[in-house]
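What the coordinates show
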Amino acid sequence: MDLRNITLISFGFFEKDLLTRVADSVKQEYPFDIIIKEGYLDLSEYFDPVRRQYNGNSLLKVIDTSYAVDDDKTMGLFSVDLFIPILTFIFGQAFLRGRCGIASIYRLSNERYGIKNDDDLLLDRFKKEVNHELGHTFGLIHCHNPVCVMRSSTYVEDIDQKSWTLCPKCREELNLIPGAR
Amino acid sequence: MTKKISILIVDDEDSVRDSLLNWFIEDGYRVECAENAKKALLILESDTFDIILADIKMPGMDGLEMLRRIKVLKPDSIVIVMTAFATVDTAVQALKDGAFDYVTKPFDPDDLSHLIRNASKQITLAEENENLRNKVVSLENVEDLIGTSDAMKKVFQDIESVAQSSSSVVITGESGTGKELVARAIHSNSPRKFFPLVSVHCGALTESLLESELFGHEKGAFTGAMYNRKGRFEMADNGTIFLDEIATISLKMQIDLLRVLETKSFVRVGGNKEITSDFRVICATNKDLKSLVEKGEFREDLYYRLNVVNISIPPLRGRKEDIPLLVDYFIRKYCTSMNKQPVFIEPAALKRLEEFNFPGNVRELENMIERAIVVGNGKKITVRDLPLEKSVMTTSIESLDDLEKNHIYQILVKYGWNISRAAKALKVDRVTLYNKISKYGLKSPES
């Protein structure tokens, strides 16, 4: 199977410039055509009133069944707070070696932590999160290299420590994946 | 991470299992899931996991009961319990029952990462500890092999030359000569030294017990087999298995053993799953295996499979020049272990030891020295501290022929079976010595 495109589908409001710059960073790490689309979902169906968050598992599932296609990698981009039943929150998640993933910008903003807003930092974090989840769809697991984008991050501060690119080892692994060259 | 950590997730909620599975797989762990305690216990009977992450509140058997059963089945398992209904009582109970930690659902992603990282660290430390212990034990046991006689030099050379290979070795020698020490020395100088040396005393077990001991058994294989058990071959994976008193095993076991040695795979008693293990075999016996083969008591094919290299340990009476060294070594060893000042042995006592026949070989000498240090005055070992008189009286030598045979053998060993030098020392001609060797059926260790 030869991969054709990486499709970024935004749900909710995103600045056009932010999506273009995220797409540029994806293009640099994963050499495929990048398509940016807008998606429409009734997010209230995925809202958990007890937790006041959106169910990441259900959203990932709907991206897989309604938007993803076999020859593409599809990323659903959200601006709402995501959770999975076992964890208090997630930045994003993906099917390992699957065809899609999701990422949310919600918890990446400084404002959520009572700090002054920083648009550049927000963009930087979102680029890392999208590239990280895409890495999983290509079969990459968490990396121990502290600056690799595939390093696991459980806080925004962790995200700030790494770069938005793959380390040489992960890039080499990516090159070995059929269809990913 | 040196090895891939494995995790078993036990939770009745699909979404929890899926989420955790996905999370851990992305972290590079080997993960399996079970939807209830019963299924988890079933999985644990045939597979091993480093970490078990279990929900407390589940239909049927709850997580606390499952934790107790896991701790009986595999006491070293790391079990982390989780629940959405946290109370101090259940947390305390879980920890009392041996849980590694306790978490409340939903948890922070960072808490989960920390928890698994801490558990992994504990597993790595436990493994390193075990490896170091094996290493220390092995090195200690190499030190117990003492001697500068030609016969012992030959043994050391043999150990050195076989250690690096994975060939089977048969160690022969009388009881008490140190066959197990030689096996340990081979193992601890081999590339397998950081893996276990597993010893089996074949003579001490009945045929059915030996079978279960060597190959392991499945739960229910026989009355009383309540849980699955790993066999010694499985435990010796990457290491060495030492089969002591190999000549005592039955002909049926010999067939089974031959098959295992040829295929390096076996099936547990009562099981049907083929298990493979990469082990090296070292056997020991005080019998002449070749003559047992001739009598039909030991399979010839097994003999050749085992006897790739033969190391023969001389009896202590054949290397009396090593006695002072051994005495000195055992004095230091026991004075240190008993927290006593080093004692010395008076020349008359040492001379008596050198004259003694030692039917129990080095083990007998070691016991004598240990006893002398315990009962002696704490300054020196005298003849009175040594239980020699009684032993001399009960020596097996009664006839002059036995005495002559024994003396000729000692001289032959002393001169490395050089007939001319031995004949000169005995003040007989070479033909006479050849006749005596033939009459008494004496054989050099290399023959």
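The model shown is predicted, which means the values in this text are computed figures rather than measured ones. (Residues numbered from 1 in each chain as written. Chains lettered and ligands numbered in written order. Predicted model: local features only at pLDDT ≥ 70, side-chain atom pairs only at ≥ 80, totals over all residues. Heavy atoms only, no water.)

Take the overall build of chain A next. Each helix and strand in chain A was counted, giving five helices and nine strands. Reading the secondary structure of chain A in the N-to-C direction produces β-α-β-β-β-α-β-β-β-β-β-α-α-α. Buried residues in chain A amount to 55% of all 181 residues. Considering only contacts in chain A between residues 6 or more positions apart, those separated by 24 or more positions represent 67%. (Helix = DSSP H or I, 4+ residues; strand = E, 2+ residues; numbered from the N terminus. Buried < 20%, exposed > 50% of the residue type's maximum accessible area, 1.4 Å probe, protein only. Contact = heavy atoms within 4.5 Å.)

A word on the pairing of strand 10 (residues 240–244) of chain B. All names here are of chain B. Most of strand 10 is tucked away: five of the five residues are buried. Taking every second residue as pointing to the same face, both faces of strand 10 are buried, with T240, F242 and D244 on one and I241 and L243 on the other. Two strands pair when backbone bridges link them, and strand 7 (residues 197–201) and strand 10 are joined in this way by five bridges, in the parallel orientation. Looking across to strand 10, one finds that H201 is bridged to D244. Two strands pair when backbone bridges link them, and strand 10 and strand 13 (residues 280–285) are joined in this way by four bridges, in the parallel orientation. (Pairing = 2+ DSSP bridges.)

All names here are of chain B. Taken together, the five bridges between strand 1 (residues 6–10) and strand 2 (residues 30–34) define a ladder with parallel strand orientation. Counterpart to S6 in the pairing with strand 2 is R30. After leaving strand 1, the chain enters helix 1 (residues 14–26) and then returns to the sheet as strand 2, a path that is right-handed. (Right-handed = clockwise from strand over helix to strand, strands pointing away.)

Another point: the packing of aromatic side chains. Using the criterion set out here, one finds 16 aromatic pairs over all chains in the structure. Ring centres 5.7 Å apart and planes at 10° place the aromatic pair F14 of chain A and F126 of chain A in the stacked group. Residue F14 of chain A is found in the loop between strand 1 (5–11) and helix 1 (16–29), and its partner F126 of chain A is found in helix 3 (residues 119–137); the two are separated by 112 residues along the sequence. Note on F14 of chain A: relative accessible area 10%, which makes it buried. Taken together, a centroid distance of 5.4 Å and an interplanar angle of 65° make the contact between F89 of chain A and F91 of chain A edge-to-face. We note that F89 of chain A, like F91 of chain A, is buried. Through pairs of rings, three or more aromatic residues link up here, namely F215, F233, F266 and F279 of chain B. Stacked on the ring of F138 of chain A, the Lys or Arg K73 of chain A has its end atom at 5.0 Å from the ring centre. (Phe/Tyr/Trp six-rings, centres within 6.5 Å; stacked < 30°, edge-to-face > 60°. Lys NZ or Arg CZ within 6 Å of the ring centre and 35° of its normal.)

All names here are of chain B. Read across the sheet, five strands follow the order 7-10-13-6-14 without closing on themselves; strand pairing throughout is parallel. Each end of this open sheet is capped by a strand with a single partner; those strands are strand 7 and strand 14 (309–312). For this sheet the average axis-to-axis angle between neighbouring strands, irrespective of direction, equals 20°. Where helix 6 (residues 150–163) meets the sheet, its contacts fall on strand 6 (169–172), strand 13 and strand 14, and the angle it forms with strand 14 comes to roughly 155°. (Axes fitted to C-alpha atoms, helices over the stretch in contact; angles between N-to-C directions.)

Moving on, we get to helix 7 (residues 179–188) of chain B. For helix 7 of chain B, a buried count of eight out of 10 residues is recorded, marking the element as mostly surrounded by other parts of the structure. Among all positions of helix 7 of chain B, only K179, V182, A183, R184, A185, I186, H187 and S188 of chain B are buried.

Time to look at the nonpolar core. One recurring pattern in soluble globular proteins is that nonpolar side chains are buried together. Counting 40 residues, the largest nonpolar core has L59 of chain A together with L20, F24 and I51 of chain B as the members making the most contacts within it. With five residues, the top contributor of residues to this core is helix 5 (residues 109–143) of chain B. Leave out the neighbours within four places in its chain, and L59 of chain A touches L41, L43, Y46, Y54, F78, L82 and I102 of chain A. Residues L18, F32, M75 and L108 of chain A belong to the second largest nonpolar core, which totals 35 residues. (Core = buried A, V, L, I, M, F, W, Y, C linked by side-chain atoms within 4.5 Å.)

Compared with the 21 Å implied by 1.5 Å per residue over 15 residues, the 21 Å span of helix 15 (residues 361–375) of chain B between its first and last C-alpha is a close match. Of the positions making up helix 15 of chain B, those classed as buried are N361, V362, E364, L365, E366, M368, I369, A372 and I373 of chain B. (Expected span 1.5 Å × (residues − 1).)

Scanning all chains against the criterion turns up zero disulfides over all chains. With no disulfide of its own, C170 of chain A lies closest to C167 of chain A among cysteine sulfurs, the gap being 3.7 Å. (Disulfide = S-S within 2.5 Å.)

Our next topic: the environment of R125 of chain A. Residues and elements named next belong to chain A. Take R125: it is sitting in helix 3. What makes R125 buried here is its relative accessible area of 4%. If we skip the residues at most four places from it in the chain, R125 touches L108, S109, N110, V156, I159 and D160. A polar side-chain atom of R125 sits 2.8 Å from a polar atom in the side chain of D160. (Polar contact = N/O pair within 3.5 Å; in protein donor to acceptor, adjacent residues only side chain to side chain.)

Residues and elements named next belong to chain B. Look at helix 3 (residues 63–73) against helix 4 (residues 88–96): their axes get within 10 Å of each other, and the N-to-C directions meet at 10°. Taken together, the axes of helix 3 and helix 4 lie roughly parallel to each other. Residue-level contacts link L64, L67 and R68 of helix 3 to T90, Q93 and A94 of helix 4. Here the residues of the contact of helix 3 with helix 4 sort into three nonpolar, two polar and one charged. (Parallel < 35°, antiparallel > 145°, perpendicular 65-115°, else oblique. Nonpolar A, V, L, I, M, F, W, Y, C, P; charged D, E, K, R; others polar.)

Attention now goes to the side chain of K162 of chain A. Residue and element names in this part refer to chain A. Take K162: it is sitting in the loop between helix 4 (156–161) and helix 5 (168–176). Salt bridges are absent for the buried K162, whose nearest opposite-charge side chain, E129, sits at 5.4 Å. One polar contact links K162 to S153, side chain to side chain, over a distance of 2.9 Å. Once residues within four sequence positions are removed from consideration, K162 is found in contact with K128, H132, P146, V147, C148, V149, R151 and S153. (Lys, Arg positive; Asp, Glu negative; His and termini not counted. Salt bridge = Lys/Arg side-chain N within 4 Å of Asp/Glu carboxyl O.)

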